[in-house]
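Results of the structural survey
These are the residues of each chain, in order.
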Amino acid sequence: MGRADGGSGTAAGIVKAVLLFILNVCHIFVSLGLLAFGVIMLPAVLLGRTGLLVMMTDLAQLPLLLISSGILLLGLGMCFCIVPMCGASYGALKDIMRAAEIRGKIAREEKADMPVSIDDDDESGEAE
């Protein structure tokens with residue numbers, strides 16, 4: 001039985017792969033950005049507590065220290081998750097490509113199994 005959507009499985013696979021790529025890129029940039037912000041902010045807050053650096057903010061020193069250390073830990077944890085996430089995304093991409101290959105094989109087999117119809121009207125028109 002043929003599919004009625006006319007090969008939209010391939011288009012859906014391409015859309016899934018593109019969205020997966022965008023999700024990976026966003027995760028990598030956000031995690032590296034948070035890590036960089038934490039690496040810059042935490043020493044600045046620590047130097048501010050010692051009096052070596054003047055920090056002008058409405059927050060008190062302790063909440064600022066907790067926020068900056070939390071951002072550093074969040075960015076570090078997200079950076080550690082990049083490797084397993086990219087591995088899982090690669091596996092999902094392989095599944096998408098394998099499914100598209102199987103759909104293509106099925107479509108080729110269905111196309112090859114279709115009987116060739118001979119129109120009697122065309123043959124009778126040539127004989128006249």
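Residues numbered from 1 in each chain as written. Predicted model: local features only at pLDDT ≥ 70, side-chain atom pairs only at ≥ 80, totals over all residues. Heavy atoms only, no water.

So, on to the environment of Val 45. Mapped onto the elements of the fold, Val 45 is located in helix H1 (residues 8-50). Note on Val 45: relative accessible area 0%, which makes it buried. On a C-alpha basis, the gap between Val 45 and Leu 64 in space is 7.0 Å, while along the polypeptide they are 19 residues apart. Beyond its immediate chain neighbours, meaning those up to four positions away, Val 45 contacts Met 55, Gln 61, Leu 64, Leu 65 and Ser 68. (Helix = DSSP H or I, 4+ residues; strand = E, 2+ residues; numbered from the N terminus. Buried < 20%, exposed > 50% of the residue type's maximum accessible area, 1.4 Å probe, protein only. Contact = heavy atoms within 4.5 Å.)

Positionally, Ser 89 belongs in helix H3 (residues 82-113). Within the structure, the side chain of Ser 89 is placed 3.1 Å from the side chain of Asn 24, a separation counted as a polar contact. Sequence-distant contacts of Ser 89, that is, excluding residues within four places in its chain, are made with Leu 20 and Asn 24. (Polar contact = N/O pair within 3.5 Å; in protein donor to acceptor, adjacent residues only side chain to side chain.)

Now for H3. End to end, H3 covers 46 Å across 32 residues, agreeing with the expected 46 Å (1.5 Å per residue, within 8%). Those residues of H3 that fall on the buried side of the exposure criterion are Ile 82, Ser 89 and Ile 96. (Expected span 1.5 Å × (residues − 1).)

Helix length check: helix H2 (residues 61-80), at 20 residues, gives a terminal C-alpha distance of 29 Å against a target of 28 Å (1.5 Å per residue), a fit within 8%. Within H2, burial applies to Leu 64, Leu 65, Ser 68, Ile 71, Leu 72, Gly 75, Met 78 and Cys 79.

As a general rule, the predicted coordinates of low-pLDDT regions are not to be interpreted in detail. When the pLDDT values of the chain are averaged, the result is 82; 82% of them are 70 or greater. When mean pLDDT is taken per element in the chain, H2 scores highest with 92 and helix H4 (residues 120-127) scores lowest with 53. (pLDDT = per-residue confidence, 0-100.)

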